[in-house]
Amino acid sequence: MRSEHFYRTIEFNPIGDSRGDLISLEALNNVPFEIRRVYYIFNVPRSIPRGFHAHKTLRQLFVCMSGSCKVHLDNGLEKVEITLDSPRKGLVIESGVWRQMSDFSSDGVLMVLADQMYDEADYIRNYSEFLDYTRLNKR
Ligand code: T46
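What you see is a predicted model; the values in this text were computed from it and never measured.

K.L.:
Explain the layout of surface pockets to me, please; I cannot follow it from the model alone.
P.N.:
Empty space among the atoms becomes apparent when a probe as large as a water molecule is rolled across them. Estimates place the volume of the largest pocket at around 170 Å³. In terms of lining residues, the largest pocket is bounded by 13 residues, among which Tyr39, Ile41, His53, Met101 and Tyr123 are the most central. By residue number, the principal contributor to the lining of the largest pocket is strand E6 (residues 50-55), which donates four residues.

K.L.:
So what exactly am I meant to see when it comes to empty space enclosed by the protein here?
P.N.:
Evaluation of the coordinates by the stated rule reveals one cavity of 30 Å³ or more. Put simply, the largest cavity is a space of about 30 Å³. Every residue along the wall of the largest cavity is listed here: Arg37, His55, Leu58, Gln116, Met117, Asp119, Asp122 and Tyr123. Here the residues of the lining of the largest cavity are counted per class, giving three nonpolar, two polar and three charged.

What counts and how
Residues numbered from 1 in each chain as written. Predicted model: local features only at pLDDT ≥ 70, side-chain atom pairs only at ≥ 80, totals over all residues. Heavy atoms only, no water. 1 Å grid on protein atoms, 1.4 Å probe; cavity = no way out; pocket = protein on both sides within 12 Å on 5 of 7 lines; lining within 4 Å. Points joined across faces, edges and corners; volume = space filled by probe spheres on them. Helix = DSSP H or I, 4+ residues; strand = E, 2+ residues; numbered from the N terminus. Nonpolar A, V, L, I, M, F, W, Y, C, P; charged D, E, K, R; others polar.

So this is what it looks like as structure tokens:
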């Protein structure tokens, strides 16, 4: 596991045999929160990025189940780009992080586990507001 303060990547250990591999995701075990919601993003044209927002409180785990995509993260001070290209790799994103997803392969399926139900009030969709928010929260 590699740790950063606003994100971390996790390498999941598959249970494999001659029939193939299986990965189990368990709340408060290899998923560091209670899972309240699961959604997945697919059929994304390679040239079309998504995201461009931060969450005030939401924590999430991304897994690219098929194909690949890039995830760009920004906590207002540091920016990082992570390629997700394996169902063995998880990306935990803490709250207060601006994100963008891009470069989806044609078979790209990004699954997201979230610790809260969908709530538009938790989104910050304006970058200037995001920077003000991070300053107020003393990142
Ligand atoms: C995130 C990235 C990775 C719902 O009705 N329920 C849901 O659970 C979600 C996630 C979205 N929606 C609606 C809201 C919009 O009308 O689906 C539409 C597309 O959502 P959005 O434009 O926010 O999609 P992305 O790909 O920009 O962002 C999504 C998540 O919203 C966000 O939390 O971190 O995926």
